[in-house]
Amino acid sequence: MKQSKDPFEAAQEEQDDSPPESPIAADELETQTPAGQDVLTGGDDDEISAAVNNPSEPSTSAPKLASTAANASAGKHKDDEEEEEEENMEVELGKFPSSSDPAKMAKMQAILSQFTEEQMSRYESFRRSALQKSNMRRLLVSITGSQKISLPMTIVVCGIAKLFVGELVETARIVMTERKESGPIRPCHIREAYRRLKLEGKVPRRSVPRLFR
Amino acid sequence: MSNPSAGTSSKSKAGTSQPSETSFKRKRGVFQKDLQHMMYGFGDDSNPLPETVSLVEDIVVEYVTDLAHKAQDIGAKRGKLSVEDFLYLIRKDLPKLNRCTELLSMQEELKQARKAFEVDEEKLATLE
């Protein structure tokens, strides 16, 4: 996907693009680096992938996991092929310090080990997906009119936007279950979800209404 | 001079307090690809409907715009815009606040790690 001179730079670029890395990305890093690298760079690589692969915030991941579990219609079952892939992922996750304590890490391990293939792919999309920082920076520059948008600001706004998308999609799913509909989410669900979020006050409202679009 | 936003391919974004020099024409589909993966991760179908993705993109851009305007208002008191303004705006929303502090601390860790790596490389180069 990315042109890179050496695996470490590839790791850096990947880190820059999507802070919430998935176990699969870490897997690629791990397999690339040991092969003929210094102990020094290999060690630093581990540290970096360790720093980056912090498991996502448990308080937000728990409700999301619940929703993905609800979405998986098939019962939980494990194929032999998936087991191998999941074991790899567990190993990667095991190396990384959890944000707080090993108890949470153990809980994550226990949950992840029981994922079906569909759940695992959904979880991977959840961890890996991110809004592009370059696009976000361009948008922020055009909004504020100032060129001085720092990198932390871009990262923070990307994170906020991603969580907002999550709230939208989850609320839209709730709306769908209330209306007893199924299938892909339609714009009417999103609009209803947006309306509910506005009522809850999670969307910043403009004091002056928007006139010209 | 109202611009009907029904599926036009590009929109010129008018500045509010000051005209933006970059004249950023907001094209459709700036975040589309990423949004598709994101929506799947959050519970949508593996192939979300394109109109849904467009709508979510519009909503997200509007959200970021409003957020940035409010942050700018707050930052104007201090003089310039900073990360703290955004953090202040989401202070009520605990998941977002925690996630942002986590992202910022991770970024610090990465910076430190990269600095350590460069220092070690120099040492290695000077040794040889």
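What counts and what doesn't
Residues numbered from 1 in each chain as written. Chains lettered and ligands numbered in written order. Predicted model: local features only at pLDDT ≥ 70, side-chain atom pairs only at ≥ 80, totals over all residues. Heavy atoms only, no water. UniProt positions renumbered as here; feature names shortened; annotations may be inferred. Helix = DSSP H or I, 4+ residues; strand = E, 2+ residues; numbered from the N terminus. Buried < 20%, exposed > 50% of the residue type's maximum accessible area, 1.4 Å probe, protein only. Contact = heavy atoms within 4.5 Å. Core = buried A, V, L, I, M, F, W, Y, C linked by side-chain atoms within 4.5 Å. Phe/Tyr/Trp six-rings, centres within 6.5 Å; stacked < 30°, edge-to-face > 60°. Axes fitted to C-alpha atoms, helices over the stretch in contact; angles between N-to-C directions. Parallel < 35°, antiparallel > 145°, perpendicular 65-115°, else oblique. Nonpolar A, V, L, I, M, F, W, Y, C, P; charged D, E, K, R; others polar. pLDDT = per-residue confidence, 0-100. Salt bridge = Lys/Arg side-chain N within 4 Å of Asp/Glu carboxyl O.

- In the annotation of an unreviewed UniProt entry, chain B is listed under the name Transcription initiation factor TFIID subunit 13 and assigned to Rubroshorea leprosula.
- According to the UniProt record, the Sequence similarities (unreviewed entry) comment for chain B reads "Belongs to the TAF13 family."

- Chain A carries the name TAFII28-like protein domain-containing protein in an unreviewed UniProt entry, which gives Rubroshorea leprosula as its organism.
- Under the UniProt heading Function (unreviewed entry), the note attached to chain A is "TAFs are components of the transcription factor IID (TFIID) complex that is essential for mediating regulation of RNA polymerase transcription."
- In its Subcellular location (unreviewed entry) section, the UniProt record describing chain A reads: "Nucleus".

1. Overview of the overall build of chain A
Next, step 1: Along its length, chain A carries 10 helices and zero strands.
Next, step 2: Traced from its N-terminal end to its C-terminal end, chain A shows the element sequence α-α-α-α-α-α-α-α-α-α.
Next, step 3: Going through the 213 residues of chain A one by one, you find that 48% of them count as buried.
Next, step 4: Of all intrachain contacts in chain A linking residues separated by at least 6 positions in sequence, the fraction that spans at least 24 positions is 58%.

2. Here we look at the nonpolar core
Next, step 1: By size, the foremost hydrophobic cluster in this structure holds 54 residues, and its most contacted members are A:M136, A:F164, A:V165, A:L168, B:V64 and B:F86.
Next, step 2: It is helix 9 (residues 151-178) of chain A that provides the largest number of residues to this core, a total of 12 residues.
Next, step 3: If we skip the residues at most four places from it in the chain, A:M136 touches A:L131, A:T154, A:V157, A:C158, A:A161, B:F31 and B:V64.

3. Quick notes on the packing of aromatic side chains
Centre-to-centre distance and the angle between the planes together describe a pair of aromatic rings.
Next, step 1: Under the defined criterion, the tally for this structure stands at four aromatic pairs over all chains.
Next, step 2: An angle of 40 degrees between the planes, with centres 6.1 Å apart, marks the rings of A:Y123 and A:F126 as tilted. Here the residue A:Y123 and the residue A:F126 both occupy positions in helix 7 (residues 117-128), the gap between them amounting to three residues, near one helical turn.
Next, step 3: With relative accessibility at 9%, the residue A:F126 sits in the buried group.
Next, step 4: Judged by centre distance (5.4 Å) and plane angle (70 degrees), the rings of A:F126 and B:F42 are edge-to-face. A residue pair is termed interchain when its members come from two chains, as with A:F126 in helix 7 and B:F42 in helix 1 (residues 32-42).

4. Considering the packing of helix 8 (residues 133-144) of chain A against helix 9 of chain A
Residue and element names in this part refer to chain A.
Next, step 1: Close contact between helix 8 and helix 9 brings their axes to 9 Å; oriented N to C, the two are set at 100 degrees. Taken together, the axes of helix 8 and helix 9 are roughly perpendicular relative to one another. Across from K133, M136, R137 and L140 in helix 8, the residues of helix 9 making contact are L151, T154, I155, V157, C158 and A161.
Next, step 2: In terms of residue class, the contact of helix 8 with helix 9 is built from seven nonpolar, one polar and two charged.

5. A few points about the confidence of the model for chain B
Residues and elements named next belong to chain B.
Next, step 1: On average, residues of chain B carry a pLDDT of 79, and 78% of them reach 70 or more.
Next, step 2: Across chain B, element-level confidence peaks in helix 2 (residues 50-78) with a mean pLDDT of 90 and bottoms out in strand 1 (residues 10-12) with 44.
Next, step 3: Below a pLDDT of 50 lies the segment residues 1-23, which in the model reaches 27 contacts outside its immediate sequence neighbourhood of four places, other chains included.
Next, step 4: Scoring the predicted complex yields pTM 0.64 and, for the interface, ipTM 0.76.

6. Here's the deal with the pattern of salt bridges
All names here are of chain A.
Next, step 1: Under the criterion given, the structure shown has 14 salt bridges over all chains.
Next, step 2: A salt bridge links E178 to R196; the shortest N-O distance between them is 2.8 Å. One end of the pair, E178, is in helix 9; the other, R196, is in helix 10 (residues 187-200), with 18 residues separating them in the sequence.
Next, step 3: With relative accessibility at 45%, the residue E178 sits in the partly exposed group.
Next, step 4: Taking the shortest distance from any N to any O, the salt bridge between R186 and E181 comes out at 3.5 Å.
Next, step 5: Judged by relative accessible area, which is 28%, E181 ranks as partly exposed.

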